[in-house]
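# Results of the structural survey
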Amino acid sequence: MITAGPRAAWVLLIGGLAGWLAAVALTVERFKLFTDPGYTPSCSINPILSCGSVMVTDQASVFGFPNPLMGVVGFSVVVTLGVLSVAGVGFPRWVWGGVWLGSLLGVGFVCWLIFESLYRINALCPYCLVVWAIITPLLAVSTDQLWGRSRGPLGVLAEWRWTIVALFFAVVLLLVFLRFQDYWLSLV
């Protein structure tokens, strides 16, 4: 059994809650848009931060249903594990392996969505940004739970996990700035 330390447990719980709330809010907004095509989502703030522009694209429902539904389910699991981890419950290695695999697939999916948002859709969804910010720390926590005490490449990966998360954030922020720099600079 692997028991998460207090910091990791709280990252799971708070990250899972933030991701779940963003996914639920986006799902509600999407269903309002389904029922009223003229509806302007509350997260459509300006030409760049515009959920409405993102929600109507094919990329918003890759598997035939709104993408946020995957977040509602996936983050529900993370919240449950987070609550139990905060309470000191340990889990078998395979549970952490499942969290790690789900987080890794989530990071891959988010990277594709980042590319699509920046270079195909030309808009950003604020709720999606929350999910983008949550998924890499969740991967870092699950990486540490699985391989934090390992030697070799996986141990090194676990040791450098927060540096990798910071690098991910820096690259995404730089890409967002560069892609929409004319807009951002026009606000100054």
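The coordinates are above.
Since this is a predicted model, take the numbers as computed values, not measurements.

### Thoughts on the layout of surface pockets
Here the largest pocket defines a volume of roughly 820 Å³. Secondary structure elements with two or more residues in the lining of the largest pocket: α1 (6–35), α2 (51–55), α3 (68–86), α4 (93–121) and α5 (126–147). Take the lining of the largest pocket: its biggest share by element is 12 residues, from α4. A breakdown of the residues in the lining of the largest pocket according to their chemical character gives 25 nonpolar, nine polar and one charged. Estimated volume of the second largest pocket: approximately 210 Å³. Around the second largest pocket, the lining residues are W100, L104, V107, T136, L139, A140, T143, L157, R161, I164, V165 and F168. Taken together, the elements giving at least two residues each to the lining of the second largest pocket come down to α4, α5 and α7 (161–179). In terms of residue class, the lining of the second largest pocket is built from nine nonpolar, two polar and one charged.

### Overview of the state of the cysteines
Applying the stated criterion to the full structure yields one disulfide. Between the sulfur atoms of C43 and its disulfide partner C51 the distance amounts to 2.2 Å. Its S-S torsion of approximately -135° makes the covalent link between C43 and C51 left-handed. Accessibility expressed as a relative area gives 0% for C51, which makes it buried. Free of any disulfide, C125 has its nearest neighbouring cysteine sulfur in C128, separated by 3.0 Å. Among the residues examined, C128 registers a relative accessible area of 18% and is labelled buried.

### As for the environment of W10
The topology assignment puts W10 in helix α1. Taking the C-alpha atoms as reference points, W10 and S186, separated by 176 residues in sequence, lie 39 Å from one another. What W10 contacts, discounting residues up to four positions off in sequence, is G15 and V86.

### Observations concerning α5
Between the first and last C-alpha of α5 there are 33 Å, a value that for 22 residues agrees with the 32 Å anticipated at 1.5 Å per step. Across the 22 residues that make up α5, a large majority, 17, are buried.

Here is what the cut-offs are and how they apply
- Residues numbered from 1 in each chain as written.
- Predicted model: local features only at pLDDT ≥ 70, side-chain atom pairs only at ≥ 80, totals over all residues.
- Heavy atoms only, no water.
- 1 Å grid on protein atoms, 1.4 Å probe; cavity = no way out; pocket = protein on both sides within 12 Å on 5 of 7 lines; lining within 4 Å.
- Points joined across faces, edges and corners; volume = space filled by probe spheres on them.
- Helix = DSSP H or I, 4+ residues; strand = E, 2+ residues; numbered from the N terminus.
- Nonpolar A, V, L, I, M, F, W, Y, C, P; charged D, E, K, R; others polar.
- Disulfide = S-S within 2.5 Å.
- Buried < 20%, exposed > 50% of the residue type's maximum accessible area, 1.4 Å probe, protein only.
- Contact = heavy atoms within 4.5 Å.
- Expected span 1.5 Å × (residues − 1).

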